[in-house]
Amino acid sequence: MAHVKQYGRQLIDQEDIRAVTETLGSDFLTQGPKAAEFESELARTVGSSAAVVCSSGTAGLHLAMLALEIGPGDTVWTAPITFVASANVALYVGANVDLVDIDDGSWNISPQRVAEKIEHYRQTRKTLPKAIVVVHFAGCPADTKTIREIVEPHGIRIIEDASHALGASTPTERVGSCQHSDMTVFSFHPVKNITTGEGGAVTTSSALLESRLRQGRTHGINRDVVSADEPWRYDQETLGFNYRLSDIQSALGLTQIKKLNQFIVHRSRLHEHYLGRLSGLPYIKLQSLGEHQSAHHLMVVRVPHRRRLPTYRFLQERQIGVQVHYLPIYEHAYYKALGVGDRLQYPASAAYYSETLSLPMHANLTVQDIDRVCDSLIEALDVG
Ligand SMILES: Cc1ncc(COP(=O)(O)O)c(C=O)c1O
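It should be emphasised that the depicted structure is a prediction, and the values quoted were computed from it without experimental measurement. (Residues numbered from 1 in each chain as written. Predicted model: local features only at pLDDT ≥ 70, side-chain atom pairs only at ≥ 80, totals over all residues.)

**Student:** I would appreciate a short explanation of unusual backbone geometry in the present structure.
**Tutor:** In this model, histidine 325 is joined to tyrosine 326 through a cis peptide bond whose omega is 0°. Mapped onto the fold, tyrosine 326 is located in the loop between α10 (305-317) and α11 (333-338). Despite not being glycine, glutamate 69 has its phi angle at roughly 55°, a positive value. By the element assignment, glutamate 69 lies in the loop between α3 (57-67) and β2 (75-78). What makes glutamate 69 exposed here is the crowd of 12 C-beta atoms within 10 Å. Unusually for a residue other than glycine, histidine 219 sits at a positive phi of about 65°. Looking at the secondary structure, you find histidine 219 in the loop between α7 (207-217) and β8 (221-222). On the basis of neighbour counts, which here come to 16 C-beta atoms within 10 Å, the residue histidine 219 falls in the partly exposed class. (Helix = DSSP H or I, 4+ residues; strand = E, 2+ residues; numbered from the N terminus. Buried ≥ 20, exposed ≤ 12 C-beta atoms within 10 Å, placed from the backbone.)

Right, here's the structure in full:
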């Protein structure tokens, strides 16, 4: 029962601890053979031709911006309902951020709103964005295929932010395979579906983007310089960062990814149990998953606005890990100052934010834990 106090939590077992301990005794602590092995395993798992691991999901998004050569004068779009990192990385490279409202059912970026926004930009002669960051919110795949059909004719590139969605798939695609995008970014923060403590990765099927990601991850240095006079030579060709993932972290990633399928099956079972208890109850709205296999990173419910705060407090008092994901990007002081709009411009996001609560969802929980959470939620809402 102790674990219901947290809305998300890692599950670390003896195999994980052994792998990390063994790596501590090896030749490589920083990025080495374990990182390369983790990259192969990740690419195989999601069905991409390449994976580049890095120090966080944020670093991965930043590297993706650099790989697409996004910079000052460019614009990047994303949805308001996401973690700030999805937008911040555009600012890191000097680009502007603009937002596109979410769909009322999937709570992912709305392809229809993307099409409308392109039309609006064209009519007002604004320069179209160079890229769009498509977030797979709560682990449910966004409609990347339709978005690509809309944006590709305009030369807009697609970065999938799959920080929530390792292990998710649509009926035709595994998230991360980049069938309809340039790159997909994952996070291995402890609340995510697998963890490396901190960590991230970018998958791509483009050899050019892969080499830019690799170079950007290590200061912009190219080590494949051939020089007979200076055999020690390497060259910094671009301005990059130290965004490496250590072998200690990669060893953990390798034992964690082995359990990904098991984690997803467990999360799906918990989700089914939530549905059994909550669907059909008055006032409760759930995310529409369509035909997709969600990674079930978050268990989000929408409750009437006037009941949201009392329900939040009630669950907290019962020591149930309740959260709100997310304060919309346009509500943050920093973005307000940048003038990215307000709630009137993004009505679906505003309605979502006024009603949302995240309930505990992670691999340590049992169906009895879910029953306890649902009993308390139903009591708080008085809908049983
Ligand atoms: C949607 C989304 N994007 C990006 C990130 C950033 O990932 P990290 O914490 O690994 O930098 C997160 C992590 O919380 C996230 O939820």
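**Student:** Is there a simple way to think about the sheet that holds strand β11 (residues 299-302) in this case?
**Tutor:** Sheets are built from strands that pair by backbone hydrogen bonding, the pairs being arranged parallel or antiparallel. Pairing within the open sheet is antiparallel, and its three strands lie in the order β10-β11-β12. At either margin of the open sheet sits one strand with a lone partner, and together these are β10 (285-286) and β12 (356-359). In terms of strand pairing, β10 meets β11 through two bridges, oriented antiparallel. Paired with lysine 285 across the two strands is arginine 302, which belongs to β11. (Pairing = 2+ DSSP bridges.)

**Student:** How do you make sense of the domain arrangement of the protein chain when you look at a structure like this?
**Tutor:** When the parts come together, some accessible area is lost, and that loss is often what is quoted as the size of the interface. The domains assigned to the protein chain are domain 1 (2-258) and domain 2 (260-381). If you average the C-alpha positions of domain 1 and of domain 2, the two centres end up 24 Å apart. Residue-level contacts link 41 residues of domain 1 with 45 residues of domain 2. Per element, the largest residue contribution to the side of domain 1 that touches domain 2 is three residues, and it comes from strand β3 (residues 96-99). Residues of the side of domain 1 that touches domain 2, tallied by class, amount to 21 nonpolar, 13 polar and seven charged. (Domains from an automatic or database assignment. Contact = placed C-beta atoms within 7 Å. Nonpolar A, V, L, I, M, F, W, Y, C, P; charged D, E, K, R; others polar.)

**Student:** Looking at this structure, how should I read the packing of α10 against helix α13 (residues 367-381)?
**Tutor:** Each pair of packed helices can be described by the angle between their axes along with the distance between the axes. In contact at an axis separation of 9 Å, α10 and α13 are set at 140° when each is read in the N-to-C sense. Classified by the angle their axes make, α10 and α13 are oblique. For the crossing formed where α10 meets α13, the hand is right-handed. Seen from α10, the contacting residues are Arg307, Pro310, Thr311, Phe314 and Leu315; seen from α13, they are Ser376, Leu377, Ala380 and Leu381. By residue class, the composition of the contact of α10 with α13 is six nonpolar, two polar and one charged. (Axes fitted to C-alpha atoms, helices over the stretch in contact; angles between N-to-C directions. Parallel < 35°, antiparallel > 145°, perpendicular 65-115°, else oblique. Left-handed = near helix turned anticlockwise from the far one by under 90°.)

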